[in-house]
Structure formats: C-alpha cells, structure tokens
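Fold and geometry: a report
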Amino acid sequence: MNILGVIPARSGSKGVPYKNIKLLESKPLIAYTIEVALESNLTNVIVSTDCQKIADIAKSYSAKAPFLRPTKISNDQAKSIDVAIHALKKMEEIDFMKYDAVMLLQPTTPFRAANDINLAIDIIKNQSDFD
C-alpha cells in the first residue's frame, strides 16, 4: 500500500504569520512533523506550501517540496481536503506512482511519534471496508 504523507504549511495566518517556521526550542515548528514523518512507514512525505521560504526550510530537513500550492487553496477559506487532493494529483503526475491513501500531518501538532503514524497506517491496511 502506497501512502502519501502531506504536511500542509501555508505562509498566511491571521493569528501568527509564518507560524509553521517559527522556532520551537531550536527548530522550526514544521521540522518536528517532517522528522517523524520521515521515520515512519509512509511511502513518500511532502510539504504542500505556497511559500518558497517554507519549501526551502522543509527541504533543509529532508522533506520534499516539489511544487508550490496555488493561491486559491492557500487562504483562510481553503479546505484540508482540497489541499490533500491537489497534493495527491500533483505527486501522481510527478512520481508516476499511484497512491492508495493520503495522510495529512498538521505541523501545528508537533508532538507525535513515528509509531503514532505507523499505527494509523496499520489500521488503514487492516480495514478492508475503507474506501
């Protein structure tokens, strides 16, 4: 089963602009999510962002950021499902790979372990009634 991990990180935020790259301890907030995602059993991990600066930081932590997200799905009204679908379509074009599932990993929830992600993957793999 091929599972695409998508870390959505737009630059705009009403409360804290560029919050995804603000430092938490000594690292940008997004780095925590990237690190555990890369340790997990996800097939591929990407950062979906509308900002080259965020993409560059993501790449410095070994994540892929192969495209910039369009403005129309990078605003306050954008839905996570639209971000996930966009990322899935773009990655299937780029990698020529068919993904069976997408896991959205919010960078504003940095305190998860790779095992948490792997347990979620196991649930998906073991449930035949998921579509």
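Structure report, in brief. (Residues numbered from 1 in each chain as written. Predicted model: local features only at pLDDT ≥ 70, side-chain atom pairs only at ≥ 80, totals over all residues. Heavy atoms only, no water.)

1. Notes on the overall build of the protein chain
The condition that has to hold: Each helix is a run of DSSP H or I of at least 4 residues and each strand a run of E of at least 2, with the numbering of both proceeding from the N terminus. C-alpha atoms define the radius of gyration, and 2.2 Å times the number of residues to the power 0.38 defines the globule rule. By definition in these notes, contact holds between two residues if any of their heavy atoms fall within 4.5 Å. Every accessible area reported is derived by Shrake-Rupley at a probe size of 1.4 Å, with residue values counting cover from the shown protein chains alone. Working convention for charge: Lys and Arg count positive, Asp and Glu count negative, and His plus the chain ends are omitted. Note on charges: their place is set at NZ of Lys, CZ of Arg, CG of Asp or CD of Glu.
In terms of regular secondary structure, the protein chain is built from four helices and five strands. In the protein chain, the order of α-helices and β-strands from amino to carboxyl end is β-β-β-α-β-α-α-β-α. Computed over its C-alpha atoms, the radius of gyration of the protein chain comes to 14 Å, within 12% of the 14 Å expected for a compact globule of 131 residues. Dimensions of the protein chain, computed from the C-alpha atoms along their principal axes, are close to 40 × 30 × 25 Å. Contacts in the protein chain between residues far apart in sequence, at least 24 positions, make up 65% of those at least 6 positions apart. Carbon and sulfur atoms make up 52% of the accessible area of the protein chain, which totals about 7300 Å². The averaged location of the 15 negative side-chain charges in the protein chain is 8 Å from the averaged location of its 16 positive side-chain charges.

2. Considering the environment of tyrosine 99
Put simply, the test is: We call two N or O atoms a polar contact when they sit within 3.5 Å, provided that within protein one can donate a hydrogen and the other can accept it, with sequence-adjacent residues counted only if both atoms are side-chain atoms.
Within the element layout of this structure, tyrosine 99 appears in the loop between α3 (80–95) and β5 (101–104). Contacts of tyrosine 99, omitting those with residues within four sequence positions, involve Asn2, Ile3, Leu4, Thr43, Asn44, Leu88, Met91 and Glu92. A polar atom in the side chain of tyrosine 99 sits 3.0 Å from the side chain of asparagine 44.

3. Thoughts on the nonpolar core
Spelled out, the test is: Joining through side-chain atoms within 4.5 Å is the link that ties buried Ala, Val, Leu, Ile, Met, Phe, Trp, Tyr and Cys residues into a set, and such a set is a nonpolar core. Exposure categories follow from relative accessible area, calculated using a 1.4 Å probe and restricted to protein chains: below 20% of the type maximum is buried, above 50% is exposed, and the middle band is partly exposed.
Core analysis: the biggest nonpolar cluster contains 23 residues, and Ile7, Ile30, Leu42, Val47 and Ile117 have the highest contact counts within it. For this core, the secondary structure elements donating two or more residues are β1 (3–8), α1 (29–39), β4 (44–48), α2 (52–60), β5 and α4 (114–126). Each residue touching isoleucine 30, except ones within four places of it in the same chain, is listed here: Ile7, Ala9, Asn20, Ile21, Val47, Ile54, Ile57 and Pro107. Within the second largest apolar cluster, seven residues are counted, among which are Val6, Phe67, Met91 and Tyr99.

4. A few points about the pattern of salt bridges
Our working definition: One side-chain nitrogen of Lys or Arg within 4 Å of one carboxyl oxygen of Asp or Glu is enough to make a salt bridge.
This structure, assessed with the given rule, holds two salt bridges. The salt bridge involving arginine 10 is made with aspartate 76; its shortest N-O contact spans 2.5 Å. Of this pair, arginine 10 sits in the loop between β1 and β2 (23–24) while aspartate 76 sits in the loop between α2 and α3, placing them 66 residues apart in sequence. The exposure class of arginine 10 is partly exposed, given its relative accessible area of 23%. Of the charged contacts, one joins lysine 27 and glutamate 35 as a salt bridge, the two residues approaching to 2.6 Å between their closest N and O atoms.

5. Examining the pairing of β5
What counts is decided by this rule: Pairs of strands are assigned from DSSP output, requiring at least two bridges between the strands.
The alternating pattern of β5 places Ala101 and Met103 on a buried face, while none of Val102 and Leu104, on the opposite face, is buried. Here β1 pairs with β5 via four bridges, running parallel. Bridge pairing links glycine 5 to methionine 103 in β5.

6. Describing α2
Short version of the rule: Starting at the helix axis, one direction is taken to each C-beta atom, and the arc is that of these directions.
Three or more residues of α2 are buried, namely Ile54, Ala55, Ile57 and Ala58. Taken down its axis, α2 places every buried residue within 165 degrees of arc, on the same side. Turned more than 90 degrees off the buried face of α2, the exposed positions are Lys53 and Ser60. If you follow the buried residues of α2, they end up packed against β3 (27–28), α1 and β4. Just beyond α2, the residue with positive phi is serine 62, at close to 75 degrees.

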